[in-house]
Each structure stands twice: as structure tokens, then as C-alpha cells.
Amino acid sequence: MAYNALKYYSDRTMIFRFVSNVDGTDFVEATRDLDPAETLFIVSSKTFTTLETMTNAQTARAWSLKGLGGDEKAIARHFVAVSTNAVEVSKFGIDTANMFGFWDWVGGRYSMDSAIGLSTMLAIGPDNYQSLLRGFHEIDEHFRTTPFERNLPALMGLLAIWNTDFLGAETVAVLPYEQYLKRFPAYLQQLTMESNGKHVTLDGEVVDYQTGPVYWGEPGTNGQHSFYQLIHQGTRLIPCDFIAFGHTLNPLGRHHDILLANVFAQAEALAFGKTREQVKSEGTPDWLVPHRVFEGNRPSNTILVERLTPESLGKLVALYEHSVFTQGAIWGIDSFDQWGVELGKVLAQRIIPELESREEPKLEHDSSTSNLIRHYRKYKETL
């Protein structure tokens with residue numbers, strides 16, 4: 001997300017690729033046109049034991065060795081680590097002098113401004129990266145010191161509570177009118193839903209209210225031609241966060257004026273809609289009038305920033321981080337754990353050997369899971 005967001009400021013003489021999915025296609029497509037002799041891998045893993053990350057790292061290691069004539073010593077020159085586990089980093093073959101550490105209490109979804117941002121710093125340079133950190137810090141201080149009535153993250157968090165628990169909204173649409181922020185909604189999905197997708201309080205009591213709305217979205221104006229119809233005239237209440245910038249980084253004729261006009265128009269339309277009387281006054285046939293009525297009174301925020309810079313991106317991310325914390329504090333839940341991801345991981349570790357075994361495994365799952373495993377093993381036999 002950060003690389004895409006700040007691509008305008010990046011060094012275009014370097015190619016940056018990111019691999020996070022354990023799906024082999026992700027790695028193959030990322031390395032298809034790369035030369036191992038000119039490729040540096042940054043392996044980012046707090047524990048250096050995460051299955052998906054280390055599977056990709058081992059594949060990268062094998063890919064590098066194959067392209068570098070099997071020279072094990074080359075690994076130290078073509079790999080660096082961002083981690084807290086020096087022992088595992090050394091076992092992998094990376095010189096711990098090339099390990100960038102950070103505190104073990106830093107959670108993944110809150111780690112963008114830690115050493116995890118190494119790839120971002122390489123792309124945009126240390127000065128721009130310092131600006132990014134400055135943006136984070138400014139919002140941190142704003143949140144820490146500003147009275148609640150003027151505190152932006154607190155107000156956003158309170159609005160989220162109001163929309164979720166009092167108005168019954170189940171989702172929030174994040175709509176950046178800036179192509180560089182095309183991955184921002186996806187980034188927020190982890191930040192918000194992994195943080196506040198909880199069903200018990202800090203004391204372990206089951207909550208009797210809604211927590212953690214679903215966050216989703218796409219860049220404008222693309223979304224206007226797909227899902228805005230449901231937001232405007234559907235039966236569900238969907239609060240929207242519009243994000244726009246006063247100056248474009250790529251001036252091109254009338255493009256930016258038209259883009260910003262759409263932002264303001266969408267927010268106005270959601271707020272005030274269009275009454276039956278207004279529709280009829282336009283000469284609309286009676287049969288068509290109900291279809292052209294917009295109820296309005298649909299909530300939205302519009303965040304208008306001067307321009308997209310490293311500093312403003314830092315502010316934007318920190319704004320949502322502290323909003324998430326505000327929500328968690330009021331709901332009385334822990335925004336910094338993620339036990340919900342553990343069960344699937346544990347079960348996957350049990351299933352992997354059952355898929356890879358040469359002998360027919362004894363399956364003790366439910367009937368559906370066992371049948372899926374058997375079907376997959378049959379597919380493997382046809383390779």
C-alpha cells in the first residue's frame with residue numbers, strides 16, 4: 001500500500017515487487033522477469049517462523065541459489081531481514097549485521113512506521129521516509145493532546161460507534177479519490193477488522209453489541225460505476241469516508257477538477273438526496289418518479305488534504321490507527337490481539353501432512369473436510 005501510495009516519490013531506476021500470498025503464483029509472477037544477480041530480497045517477519053512468509057522466503061532462497069550457481073555465500077549478499085529473531089535469521093543464512101530489528105510488541109498491522117517500512121524507505125529515500133514518520137508523529141501528538149471536541153481520530157472513532165451501534169450500519173466504505181491510494185481500503189481492512197473483530201471484552205465477557213464493522217472500498221471514480229448505486233438507493237446504511245487532495249501530483253487538463261467535483265457531488269447527494277417533489281418538478285413521468293427518488297441522510301466524512309505527500313500519508317494512516325483504538329476503548333475490547341487467525345493456522349498445520357503424505361492418511365475431520373482432502377489428493381494423483 002505504502003509503495004503504491006508514494007510511487008510518485010520513488011526511485012524509478014529500481015523495481016519493487018511484493019510477495020505475501022503463499023499461493024505460488026504470487027512468487028512466480030513477481031520474479032518472472034528478474035535477474036537473481038541484481039535482486040535483493042527483504043524478508044519481513046517478526047518471528048521468522050510464520051508459515052506463509054518463510055515458505056516464500058525459502059522459495060526465494062532456492063530461486064536465488066539456482067540463478068547464482070548454487071553459491072551459498074551469495075545468500076548473505078542478496079537477502080536482508082526485518083525481524084526480532086536473530087537466531088532464526090542466522091539459521092536462514094542471513095548475516096545478522098543485515099538484520100533490521102524492532103520491538104517485539106509491535107503488531108504487524110501497526111508496524112508501517114517501524115523497520116518493517118525498510119522497503120518503503122529504499123523506494124522513496126531516507127528524507128521522504130523521515131517526512132512519513134513526521135506525519136505519524138504529528139497525528140500521535142494531536143490525538144494525545146487535543147480536546148475531544150477537536151480531536152480528529154477521536155471524533156472519527158465516535159462517529160463509527162454511532163453509525164455501528166446506534167444507526168445499525170454494518171460496513172464502512174473508504175473511497176479515496178486518488179489512484180495512488182488504490183490499496184488503501186485493503187490496508188484498512190486489516191487495520192480495522194483484525195483489530196476490532198472481537199466478541200468478548202478485555203475481561204472475557206461476551207459483548208451484547210456490535211463491534212468492528214466491515215471496511216471495504218475502491219478508488220473513485222471507478223466505484224461510482226459499480227457499487228455507489230447500492231449506497232445511494234439500496235436498503236442498507238453504508239457510511240462513507242471520502243478522501244481527496246487539493247493538488248494533484250499529475251496535472252492533466254481538466255482531470256483533477258472533474259475528479260474533485262465528483263467527490264463533492266457524491267457527498268452532497270448522500271447527505272441531501274432528491275425528494276419526490278424535486279423529481280416531479282423535472283417533468284419525470286409518474287411511473288418513473290419512485291425510481292429517481294434519493295432518500296439522502298446517509299452519513300459520510302470528507303477528508304480533504306492539500307496534496308499526497310509522505311507526511312500526509314503518515315497522518316492519514318495514524319488518523320485511522322487512533323480511530324480504531326478509540327472504538328476499541330469504548331467497546332472495551334482488545335484492539336491489539338488477533339486470536340481469531342490462530343485456529344485456521346493450527347488446523348492448516350494438521351492438514352498439510354495429510355495432503356502431502358504418500359500413504360493414504362487416516363482422516364479424523366468432519367465429513368466435509370475429509371471429502372475435500374480426498375478429492376484434492378485425487379487431483380494430485382493426476383499430475
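Everything in this summary refers to the structure shown in the same document. Numbering of residues starts from 1 in every chain and runs along the sequence as written. With the structure being a predicted model, the display of local features is reserved for residues of pLDDT at least 70 and the display and counting of side-chain atom pairs for 80 or more, all residues being used for whole-chain, interface and lining totals. To obtain the side-chain values, all non-hydrogen atoms of the structure were included, while hydrogens and water were left out.

1. A closer look at the side chain of His365
Short version of the rule: Helix and strand assignments come from DSSP, with helices taken as H or I runs of at least 4 residues and strands as E runs of at least 2, each series counted from the N terminus. N or O atoms closer than or at 3.5 Å make up a polar contact, with two conditions inside protein: a donor-capable atom paired with an acceptor-capable one, and, for residues adjacent in sequence, both atoms drawn from side chains. Contacts are assigned to residue pairs that have any heavy atoms within 4.5 Å of one another.
Assignment of secondary structure puts His365 in the loop between helix H14 (342-356) and helix H15 (367-381). Among the polar contacts listed, one links the side chain of His365 to the side chain of Glu354, at a separation of 2.7 Å. Ignoring anything within four residues of it in the chain, the contact list for His365 reads Arg350, Ile351, Glu354, Ser370 and Ile373.

2. A word on the nonpolar core
In globular proteins that are soluble, nonpolar side chains generally tend to be buried together. Formally: In this description, a nonpolar core means a group of buried Ala, Val, Leu, Ile, Met, Phe, Trp, Tyr and Cys residues linked to one another through side-chain atoms lying within 4.5 Å. The rule is simple: take the accessible area with a 1.4 Å probe, protein chains only, and divide by the maximum for that residue type; under 20% is buried, over 50% is exposed, in between is partly exposed.
Ranked by size, the top nonpolar core spans 37 residues in total, and within it Met112, Leu181, Phe184, Ile243, Leu313, Leu316 and Tyr320 carry the most contacts. Put simply, the parts of the chain that give this core at least two residues each are helix H1 (2-5), helix H6 (118-124), helix H7 (126-145), helix H8 (152-166), strand S4 (171-176), helix H9 (184-196), strand S6 (240-245) and helix H13 (310-331). Of all the elements, H13 adds the most residues to this core, at seven residues. Those residues within four positions of Leu313 in sequence are excluded, and the remaining contacts are Met1, Ala2, Ala5, Leu6, Met112, Leu132, Leu181 and Leu308.

3. Considerations on helix H3 (residues 51-67)
Stated formally: Take the number of residues in a helix, subtract one, and multiply by 1.5 Å to get its expected span.
Between its first and last C-alpha atoms H3 spans 24 Å; for 17 residues at 1.5 Å apiece the expected length is 24 Å, and the two agree. Among the residues making up H3, those that are buried are Met54, Asn56, Ala57, Ala60, Arg61, Trp63, Ser64 and Leu65. Buried positions along H3 lie against helix H2 (24-31), strand S1 (41-44), helix H4 (74-78), strand S2 (79-82) and helix H5 (86-92).

4. Remarks on the packing of aromatic side chains
To keep it simple, the criterion reads: Planes of paired rings set the category: under 30 degrees apart is stacked, over 60 is edge-to-face and the rest tilted, where pairs are Phe, Tyr or Trp rings (Trp by its six-membered ring) whose centres lie within 6.5 Å. Should the NZ of a Lys or the CZ of an Arg lie within 6 Å of a ring centre and within 35 degrees of the ring normal, that charge is described as sitting over the ring.
Under the defined criterion, the tally for this structure stands at 19 aromatic pairs. The interplanar angle of 20° and the centroid separation of 5.5 Å between the aromatic rings of Trp103 and Trp105 together place this pair among those described as stacked. The class for Trp105 is exposed, based on a relative accessible area of 65%. In textbook terms, an aromatic cluster arises when at least three aromatic residues are bridged by ring pairs, as seen for Phe27, Phe41, Phe48, Trp63, Phe79 and Phe92. Above the plane of the ring of Phe92 lies Arg61, whose end atom (NZ or CZ) is 5.8 Å from the centre.

5. Remarks on unusual backbone geometry
Between Gly220 and Thr221 the backbone carries a cis peptide bond, its omega angle lying at 10°. Relative to the helices and strands, Thr221 resides in the loop between strand S5 (214-216) and helix H10 (228-233). At Phe48, a residue that is not glycine, the phi angle is positive and equals roughly 60°. The backbone of Asn297 shows a phi angle near 55°, a positive value even though the residue is not glycine. Relative to the elements of secondary structure, Asn297 occurs in the loop between helix H12 (276-281) and strand S7 (300-305).

6. Remarks on the pairing of S4
For clarity, the cut-off: For two strands to count as paired, DSSP must find a minimum of two bridges between them. Handedness is read with the strands pointing away from the viewer; a crossover is right-handed when the path from the first strand over the helix to the second is clockwise.
Most of S4 sits inside the fold, with six of its six residues counted as buried. Burial along S4 is two-sided: the face carrying Thr171, Ala173 and Leu175 and the face carrying Val172, Val174 and Pro176 are both buried. Relative to S5, S4 runs parallel, the two being bridged by three bridges. Counterpart to Thr171 in the pairing with S5 is Val214. The parallel pair S4 and S5 is bridged by H9, and the resulting crossover is right-handed.

7. Quick word on a positive patch on the surface
Condition: Note that patches include only residues with greater than 30% relative accessible area and no salt bridge, and the join distances are 9 Å for like charges and 5 Å for nonpolar side chains (Val, Leu, Ile, Met, Phe, Trp, Tyr). Accessibility throughout is a Shrake-Rupley quantity obtained with a 1.4 Å probe, and a residue counts as covered only by protein chains that appear here. The salt bridge definition used is simple: a Lys or Arg side-chain nitrogen within 4 Å of an Asp or Glu carboxyl oxygen. The sign given to each residue is positive for Lys and Arg and negative for Asp and Glu; His and the chain ends receive no count. Here the site of a charge means atom NZ of a Lys, CZ of an Arg, CG of an Asp or CD of a Glu.
Residues Lys7, Arg12, Lys182 and Arg183 make up a contiguous surface patch of positive charge. With a relative accessible area of 31%, Lys7 lands in the partly exposed category.

8. Brief notes about the sheet that holds S1
Consider a sheet: its strands pair through backbone hydrogen bonds, and that pairing is either parallel or antiparallel. With parallel pairing, three strands are arranged side by side in an open sheet as S1-S2-S3. Lying at the two open borders of the sheet, with one neighbouring strand each, are S1 and strand S3 (99-100). Sheet topology note: the S2/S3 ladder contains two bridges and is parallel. Paired with Ala81 across the strands is Met99, a residue of S3.

9. Some points on H8
The end-to-end C-alpha distance of H8, which contains 15 residues, comes to 20 Å, matching closely the 21 Å that a straight helix rising 1.5 Å per residue would cover. The set of residues buried in H8 consists of Pro153, Ala154, Met156, Gly157, Ala160, Ile161, Asn163 and Thr164. On its buried face, H8 sits against H7, S5, S6, S7 and H13. Gly168 occupies a position one or two residues after H8 and carries a positive phi of about 80°.

10. Observations regarding the pattern of salt bridges
Inspection of every chain in the model, using the stated rule, returns 16 salt bridges. Across the pair Arg109 and Glu194 runs a salt bridge, and its minimum N-O distance is 2.9 Å. A residue pair is termed long-range when its members are at least 10 positions apart, and Arg109 in the loop between S3 and H6 and Glu194 in helix H9 qualify at 85 residues. One salt bridge connects Glu170 with Arg236, and the closest N-O pair in it is separated by 3.8 Å.

11. A short note on the environment of Tyr215
Topologically, Tyr215 is positioned in strand S5. For the pair Tyr215 and Leu159, spaced 56 residues apart in the sequence, the C-alpha separation amounts to 14 Å. With near-sequence residues (within four places) excluded, Tyr215 lies in contact with Ala160, Val172, Val174, Gln189, Thr192, Met193 and Gln327.

12. Let's talk about the layout of surface pockets
Here is the rule: Think of a 1 Å grid over the protein atoms and nothing else: a 1.4 Å probe that fits but is trapped marks a cavity, an open set flanked by protein within 12 Å on at least five of seven lines marks a pocket, and residues with an atom within 4 Å of a point count as lining. Grid points are joined across faces, edges and corners, and a volume is the space filled by probe spheres set on the points. Under the convention adopted here, Pro, Cys and the residues Ala, Val, Leu, Ile, Met, Phe, Trp and Tyr are nonpolar, Asp, Glu, Lys and Arg are charged, and Gly plus all remaining residues are polar.
Considered as a void within the structure, the second largest pocket measures approximately 380 Å³ in volume. Looking at the lining of the second largest pocket residue by residue, the classes come out as seven nonpolar, ten polar and one charged.

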